[in-house]
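Listed below, chain by chain, are the residues.
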Amino acid sequence: MWSGAAAAAPQQDALRPAGIQAERILSLWHLTLTVCTAVFVAVLAALIVAIWRGSRGGETHPRNSKDSGVDLAAASRADRRSRRMVAAATWVSVVLLCGLVTADFLTDRALSRLPMDKPLRVEMVGHQWWWETRYEAEDGRPAFVTANQLQVPVGRPVRVTLKTSDVIHTFWVPNLHGKRDMIPGRDAAIMLRADEPGEYRGQCAEFCGAEHALMAFSLRATSSEDYAAWADRESRDAGTPRDAELRRGLGVFLGNACAQCHTIRGTSASGTLGPDLTHLASRPLIAAGTVANTPENLARWIAEPGAMKPATNMPATRLQDEDLQALVRYLGSLQ
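Let me sum up the structure you'll find in this document. Predicted model, so just to flag it, every value in this text is computed and none were measured.

Let's shift gears to the pattern of salt bridges. Tallying each qualifying case throughout the model produces 13 salt bridges. A salt bridge links E123 to K163, with the shortest nitrogen-to-oxygen separation between them at 3.2 Å. With E123 in strand β1 (residues 120–127) and K163 in strand β5 (residues 158–164), this pair connects stretches of sequence that are 40 residues apart. By relative accessible area, which is 27% here, K163 ends up partly exposed. Between E199 and R220 there is a salt bridge, and its shortest N-O distance comes to 3.7 Å.

Right, here's the structure in full:
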């Protein structure tokens, strides 16, 4: 199990980049903020000067015109000066906007040129409201499926193929990259690389229904050795428990609607409507990043999911207390 503190509050901060793409996006953000702030200050200063001059002009008395009381020569000079100032401001604005467009183009070009030598290949599918993660077979290790988590080795490029099973979702890990839309019927891809170890929060960034705000996942960046050990464990089947209480929990799982929606590899449960639970106990969070993965939260999630995540598609499962505790113990053994 991952540490409780990290599981409870993984980082999600676009201003704290942990990868080269996020650093480039942050640099573009700083440039844009600087330019826009300078333009705002200049416009505000011009407005203040205009108001101040206008108030002074209204208090002066005409001296050169006997009939109209207006100094036409001074007005003409002021008009020409104003035109020159407006023209200069227009050209400065054009130059700044062209500079921002150029910076945006160069940043986008740099993001697409991440070296992709032997990338880790992963597929993530967005569902209402959870994430399915599929790892391709690699180095003799079979393909495997997990949910609401993405683990990657530090320093290695990752190619994430993005799909959606229902509505539009958007993949976003602020610490590592920008956003990428997931549109029904179209496959997309995003290339990223974590250059610092740590745990980061991913989030759906496109409103996709009632539980959009609670559709998150955890991304963990570890050393190559730790990643390989984790992937080896994740690719194994759950197996048949030997403990009597755990066997009872497996029987409860298979005898109720759980097995119709979820898969546990190594058992007869092969449902695909909900997340794969083969190694549920190794995940830091449940309910797509909503709460920490503890026995208490898991028991409540089974019995009354709507109280923890309103509008969730997971139905409540009413069990006797003994059966519920046996089921929670069994699920807690799926490391």
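Bringing the sheet that holds β1 into the picture now. The five strands are arranged β3-β2-β1-β5-β8 in an open sheet whose pairing can be described as mixed. Edge positions in the sheet fall to β3 (144–147) and β8 (188–192), since each has one partner strand and no second. On average, each strand axis in the sheet is inclined to that of its neighbour by 25°, with strand direction left out of account. Pairing analysis gives four bridges linking strand β2 (residues 130–135) to β3, with the strands arranged antiparallel. Bridged to Y135 within β3 is F144. Strands in contact with helix α4 (residues 224–234) are β1, β2 and β3; relative to β3, the strand with the most contacts, it is inclined by about 100°.

The next subject is the environment of W130. Relative to the helices and strands, W130 resides in strand β2. Taking C-alpha positions, W130 is 7.6 Å from A147, a pair spaced 17 residues apart along the chain.

The next point concerns α4. Burial in α4 covers these residues: Y227, W230, A231 and E234. Burial along α4 is one-sided: seen end-on, the buried residues are contained in an arc of 100°. Those residues of α4 hidden inside the fold are in contact with β1, β2, β3, β4 (149–153) and β10 (216–222).

In this section: the packing of aromatic side chains. Tallying each qualifying case throughout the model produces eight aromatic pairs. For the ring pair Y135 and W230, a centre distance of 5.4 Å and an interplane angle of 65° mean the geometry is edge-to-face. Residue Y135 is located in strand β2, and its partner W230 is located in helix α4; the two are separated by 95 residues in the primary sequence. Assessed through its relative accessible area of 3%, W230 is described here as buried. Ring plane angle 25° and centroid distance 5.4 Å describe the contact between F171 and F217, whose orientation is recorded as stacked. Of this pair, F171 sits in strand β6 (residues 169–172) while F217 sits in strand β10; the two residues are 46 residues apart in sequence, bridging distant segments of the chain. F217 carries the same exposure label as F171, and that label is buried. An aromatic cluster of at least three residues, connected via ring pairs, comprises Y135, F144, Y227 and W230.

What follows concerns the sheet that holds β6. Pairing in this open sheet of five strands is mixed, and the strands run β4-β10-β9-β6-β7 from one edge to the other. Only two strands of the sheet have a single partner each, and these edge strands are β4 and β7 (179–182). Along the sheet, successive strands turn relative to each other by an average axial angle of 25°, direction set aside. Direction of pairing for β4 relative to β10: parallel, over a ladder of five bridges.

Take the packing of helix α5 (residues 244–255) against helix α9 (residues 321–332) next. Following both chains from N to C, one finds α5 and α9 inclined at 105°, their axes separated by 7 Å at the closest point. It follows from the interaxial angle that α5 and α9 lie roughly perpendicular. Residues E245, L246, R248, G249, L250, V252 and F253 of α5 touch α9, and the partners they reach there are E322, D323, A326, L327, R329, Y330 and L331. Residues belonging to the contact of α5 with α9 are distributed by class as follows: eight nonpolar, one polar and five charged.

Each value, and the rule that gives it
- Residues numbered from 1 in each chain as written.
- Predicted model: local features only at pLDDT ≥ 70, side-chain atom pairs only at ≥ 80, totals over all residues.
- Heavy atoms only, no water.
- Salt bridge = Lys/Arg side-chain N within 4 Å of Asp/Glu carboxyl O.
- Helix = DSSP H or I, 4+ residues; strand = E, 2+ residues; numbered from the N terminus.
- Buried < 20%, exposed > 50% of the residue type's maximum accessible area, 1.4 Å probe, protein only.
- Pairing = 2+ DSSP bridges.
- Axes fitted to C-alpha atoms, helices over the stretch in contact; angles between N-to-C directions.
- Contact = heavy atoms within 4.5 Å.
- Arc of directions from axis to C-beta.
- Phe/Tyr/Trp six-rings, centres within 6.5 Å; stacked < 30°, edge-to-face > 60°.
- Parallel < 35°, antiparallel > 145°, perpendicular 65-115°, else oblique.
- Nonpolar A, V, L, I, M, F, W, Y, C, P; charged D, E, K, R; others polar.

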